Structure formats: structure tokens, C-alpha cells
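Chain by chain, the residues run as shown.
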Amino acid sequence: DVKVTQSSRYLVKRTGEKVFLECVQDMDHENMFWYRQDPGLGLRLIYFSYDVKMKEKGDIPEGYSVSREKKERFSLILESASTNQTSMYLCASRGLVPNEQFFGPGTRLTVL
Amino acid sequence: GQSLEQPSEVTAVEGAIVQINCTYQTSGFYGLSWYQQHDGGAPTFLSYNALDGLEETGRFSSFLSRSDSYGYLLLQELQMKDSASYFCAVRDQSAPGNTGKLIFGQGTTLQVKP
């Protein structure tokens, strides 16, 4: 079974802190994604990566950056956390079936 | 632009059949998918339809009509555990060809009542 893991289920940070969210997949997938999910707004893509060291902006990249140094690991970075970045963050990797993505359990981030 | 529309909420009783509709607007089309997400959980992939017609997998079926830009997810013999949000998704045509980037609908919350 494909497994996508995220470093934390719950995280509380203060405004202005630098925040790292880690995601690891174990199926050698090339494409990985970071989403945030907010009530009423669905899944919104922040960044994605289609190869090591390659990244593309998604629909809402402002305030975020990413790092993909190894194929299995895709990190989301909040350079200076703000309260409007309080959200559920979901990482995913692309499977072999068209339109198939495998999601991690999510990190619920609260910025105070 | 590209968009998907689905109802925000659907309610049904245990044992019944429910249909969740999705209409899409895309510049190209490479199939429609469905995801299930339980409250507090991660989305999980349910199905993929590239061709017209009905695909059945156990109690869940997914239908596609490309001429109508329309699809639906059909859940039969509803169980309480089917209470969840259901998202339709299509490939984002604006993204580079092989990135797998998806556009998701806003999600339909299904509530199954006893």
C-alpha cells in the first residue's frame, strides 16, 4: 500500500514563526502536491513538484515556499506564519491511475 | 476557465440509494474522478471515468457523459459509514502535461440518517 506521511497531525505556532511541514511518500512517485483545505473553500493547491528540485506554483502560493531535495520528501515552508494561514494542510503524491492522488493524514496548523 | 459544480449537501437514509452530481467545464478533458473524505480524515481516491457509461465497484458506481460534461457518483445500500464529503476532480488543462495536477469541486457533504 502507498503510504504518505506527514510530520505532525496538529501544530500550534505563533505569528511570525518559520514553520516547516514535512511530507514523505514511499512509492517512488515523481509528482507531489501541497494543498490547504478550509471550510467552504474545498482543496486549494499551494505548490506542486514533478521532480527533485523542480517546483511549480499552484493557485495560492503567496506566503509559502517548498523544497524537494529528495524524491520521497516534499516540504512546505511558511516563511513567517500569519493567522490567516491557520488551516488543514494536506500533502499528496500522484499514483499510476489517471487522476489518482494519495493523500497524507493532514496537518492541522493553528497560528496564534 | 475551468470549473466543477456539485451540490453542497445531500441527505439520505440508511439503505437508500443516493446520486451525487458533478458538472464540469474544461478546455480539454481527460477523465473525471471521485474522492471520499471522512470528517477529519484524508481524501481517498474512489474512481476514474475516461469513457462514457457506468463503472461499478461494489456499492459505489460512477457515471460519465462527455457530451453533457456531466458525471455522477452513485452510492447504493447506504450505510452510516458513507457519511462523508465527496469531491469530483478533473485534470487541470493549464498545467504541464504530465504533472497530474487536479482541479477539485467544492465537495458534497453526504449525511446518512438512520
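Summary of the structure given here. (Residues numbered from 1 in each chain as written. Chains lettered and ligands numbered in written order. Predicted model: local features only at pLDDT ≥ 70, side-chain atom pairs only at ≥ 80, totals over all residues. Heavy atoms only, no water.)

Concerning the environment of tyrosine 72 of chain B
Residues and elements named next belong to chain B. The condition that has to hold: For the purposes of this entry, the term helix denotes a DSSP run of H or I that reaches at least four residues, the term strand denotes a run of E that reaches at least two, and both are numbered from the N terminus. The contact definition used throughout considers only heavy atoms, calling two residues in contact when any of these lie within 4.5 Å.
You can see tyrosine 72 is positioned in strand S8 (residues 70-75). Spatially, the C-alpha atoms of tyrosine 72 and glycine 28 are 19 Å apart, while their sequence positions differ by 44 residues. Discounting chain neighbours no more than four positions away, the residues touching tyrosine 72 are Gln19, Ile20, Asn21, Trp34, Leu54, Ser61, Ser62 and Phe63.

Brief notes about the side chain of serine 65 of chain B
Residue and element names in this part refer to chain B. Which entries qualify depends on this criterion: Three labels apply to residues, based on accessible area from a 1.4 Å probe with only protein chains included: buried if under 20% of the type maximum, exposed if over 50%, partly exposed otherwise in between.
Within the secondary structure layout, serine 65 lies in strand S7 (residues 60-65). Of the residues examined, serine 65 reaches a relative accessible area of 8% and is grouped as buried. If we ignore the near neighbours within four places in the chain, the residues touching serine 65 are Tyr24, Asp52 and Tyr70.

Remarks on the packing of aromatic side chains
Residues and elements named next belong to chain A. Convention followed: Think of it this way: a Phe, Tyr or Trp ring, Trp meaning its six-membered ring, pairs with another when their centres are within 6.5 Å, and the plane angle makes it stacked under 30 degrees, edge-to-face over 60, tilted otherwise.
Summed over all chains, the structure comprises 14 aromatic pairs over all chains. Consider the rings of phenylalanine 33 and phenylalanine 48, whose centres lie 6.0 Å apart with planes at 20°: the pair is stacked. Within this pair, whereas phenylalanine 33 is found in strand S4 (residues 32-38), its partner phenylalanine 48 is found in strand S5 (residues 42-51), the two being separated by 15 residues in sequence. For phenylalanine 33, a relative accessible area of 0% corresponds to the buried category. On the basis of relative accessible area, phenylalanine 48 is assigned to the buried category, the value being 2%.

Topic: the sheet that holds S8 of chain B
All names here are of chain B. Worth spelling out the cut-off: Note on pairing: two strands pair once DSSP finds at least 2 bridges between them. Between N-to-C directions, angles span 0 to 180 degrees; the directions come from axes that are lines fitted to C-alpha atoms, helices contributing only their stretch in contact.
One open sheet holds the five strands; their spatial order is S1-S3-S8-S7-S6, and the pairing between them is antiparallel. Because the sheet does not close on itself, it has two edges, and the strands there are strand S1 (3-5) and strand S6 (53-57). Taken over all neighbouring pairs, the strand axes of this sheet differ in orientation by 20° on average, direction set aside. Relative to S8, S7 runs antiparallel, the two sharing six bridges.

Looking at the pattern of salt bridges
Residues and elements named next belong to chain A. Defined as follows: Here, a salt bridge means any side-chain nitrogen of Lys or Arg that lies within 4 Å of a carboxyl oxygen of Asp or Glu.
Applying the stated rule across the entire model yields ten salt bridges over all chains. The residue lysine 18 makes a salt bridge to glutamate 79 at a minimum N-O spacing of 3.6 Å. Placement of lysine 18 in the loop between strand S2 (10-13) and strand S3 (19-25) and of glutamate 79 in the loop between strand S8 (73-78) and strand S9 (87-94) is noted, with a sequence separation of 61 residues between them. Under the relative-accessibility criterion, lysine 18 is labelled partly exposed at 45%. Among the ionic contacts, a cluster of salt bridges with common partners joins Arg36, Asp38 and Arg44.

A short note on the interface of chain B and chain A
Our working definition: Here's the idea: put two parts together, see how much 1.4 Å probe accessible area each one loses, and the total over both is what we call buried area. Residues adjacent in sequence count toward polar contacts only when both atoms are side-chain atoms; beyond that, a polar contact is any pair of N or O atoms within 3.5 Å, and within protein one must be able to donate a hydrogen and the other to accept it. Side-chain classes follow a simple rule in which Ala, Val, Leu, Ile, Met, Phe, Trp, Tyr, Cys and Pro form the nonpolar group, Asp, Glu, Lys and Arg form the charged group, and the remainder, Gly included, forms the polar group.
At the junction of the two partners, chain B supplies 22 residues and chain A supplies 23 residues. Buried area between chain B and chain A, both sides added, is near 1,800 Å², and the carbon and sulfur share of it is 56%. Its largest share of buried area at the contact with chain A, chain B owes to Thr99, Lys101 and Phe104 of chain B, together 27% of the area lost on that side. At the junction of chain B with chain A, the criterion picks out one salt bridge. Two residues, aspartate 59 of chain A and lysine 101 of chain B, come together in a salt bridge whose shortest N-O distance is 3.8 Å. Counting the contacts that link chain B with chain A gives seven residue pairs in polar contact (both at pLDDT 80 or more). Contributing elements (two or more residues each) for the side of chain B that touches chain A: strand S4 (32-37), strand S5 (44-49), strand S9 (84-91) and strand S10 (102-104) of chain B. Broken down by class, the residue content of the side of chain B that touches chain A amounts to twelve nonpolar, eight polar and two charged.

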